[in-house]
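Here is how the chains run, residue by residue.
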Amino acid sequence: MYCTKCGNKVSKSDKFCENCGNNLNPQSVIKQETSNPINANNKVLFGALGFISPVAGLVLYIANKDTEPEAAKMAGLFALIRIPINIIIYFFYFVFWLIELL
Ligand SMILES: [Zn+2]
């Protein structure tokens, strides 16, 4: 095979081109990026923010779905989980409010 950048002949086992230093296996770089601990932290952070505030979660999802799709998904997912929980909480507030009126 040949280097995609400079056309230098390289062996399949080479990770980088000896001539120009081009990365010959770009897929391995993408894998490293997805397992990056910063991204993992963002997933937890976005998930937590989505759970605390569904509105913030949906905003984070829309704002980051192209640049950080994994973290954005977490924000959206936890926002969706939180919405029915909020409805239940407000329902109980309403019920207690009615009981106090009686
Ligand atoms: Zn090269």
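Cut-off values and rules
- Residues numbered from 1 in each chain as written.
- Predicted model: local features only at pLDDT ≥ 70, side-chain atom pairs only at ≥ 80, totals over all residues.
- Helix = DSSP H or I, 4+ residues; strand = E, 2+ residues; numbered from the N terminus.
- Rg over C-alpha atoms; globule rule 2.2 N^0.38 Å.
- Buried ≥ 20, exposed ≤ 12 C-beta atoms within 10 Å, placed from the backbone.
- Axes fitted to C-alpha atoms, helices over the stretch in contact; angles between N-to-C directions.
- Parallel < 35°, antiparallel > 145°, perpendicular 65-115°, else oblique.
- Left-handed = near helix turned anticlockwise from the far one by under 90°.
- Contact = placed C-beta atoms within 7 Å.
- Nonpolar A, V, L, I, M, F, W, Y, C, P; charged D, E, K, R; others polar.
- Expected span 1.5 Å × (residues − 1).
- Arc of directions from axis to C-beta.

Novice: What is the right way to read the overall build of the protein from this model?
Specialist: Each helix and strand in the protein was counted, giving 4 helices and 0 strands. Seen in sequence order, the protein has helices and strands lined up from the N terminus as α-α-α-α. In terms of C-alpha radius of gyration, the protein reaches 24 Å, well past the compact-globule figure of 13 Å for 102 residues. Once the C-alpha set of the protein is aligned to its principal axes, its extents read approximately 85 × 20 × 15 Å. For the protein, with 102 residues in total, the buried portion stands at 14%.

Novice: Mind showing me how you'd approach the environment of Val 44 here?
Specialist: Note that Val 44 resides in helix α2 (residues 37-52). C-alpha separation for the pair Val 44 and Met 74, spaced 30 residues apart in sequence, amounts to 7.6 Å.

Novice: Can you help me understand the packing of α2 against helix α4 (residues 69-101) in this one?
Specialist: Angle between the axes and distance between the axes are the two parameters that describe a pair of packed helices. It is at 7 Å that the axes of α2 and α4 come closest, and there the two elements cross at 25°. Considered as vectors, α2 and α4 are oriented roughly parallel to each other. You can see that α2 and α4 cross each other, and the crossing is right-handed. Here Asn 39, Asn 42, Lys 43, Phe 46, Gly 47, Leu 49, Gly 50 and Phe 51 of α2 lie close against α4, whose contacting residues are Glu 70, Ala 71, Ala 72, Met 74, Ala 75, Gly 76, Leu 77, Phe 78, Ala 79, Ile 81 and Arg 82. Residue classes in the contact of α2 with α4 are distributed as 11 nonpolar, 5 polar and 3 charged.

Novice: Sorry, what's going on with α2 here?
Specialist: One turn of an α-helix holds 3.6 residues; hence residues three or four places apart share an orientation. Its 16 residues place the ends of α2 22 Å apart at the C-alpha level, agreeing with the 22 Å of an ideal helix rising 1.5 Å per residue. Residues Phe 46, Gly 47 and Gly 50 constitute the buried set of α2. With its buried residues spanning 100° around the axis, α2 presents them on a single face. With respect to the buried face of α2, the exposed residues turned more than 90 degrees away are Pro 37, Ile 38, Asn 41 and Val 44. Where α2 is buried, its residues contact α3 (54-64) and α4.

Novice: What exactly am I supposed to notice about the packing of α3 against α4 here?
Specialist: Look at α3 against α4: their axes get within 8 Å of each other, and the N-to-C directions meet at 155°. With respect to α4, the axis of α3 lies roughly antiparallel. Every pair of crossing elements has a handedness; the one defined by α3 and α4 is left-handed. Along the contact surface, α3 presents Pro 54, Gly 57, Leu 58, Leu 60, Tyr 61 and Asn 64, while α4 presents Ala 71, Ala 72, Ala 75, Gly 76, Phe 78, Ala 79, Arg 82, Ile 83 and Asn 86. In terms of residue class, the contact of α3 with α4 is made up of 10 nonpolar, 4 polar and 1 charged.

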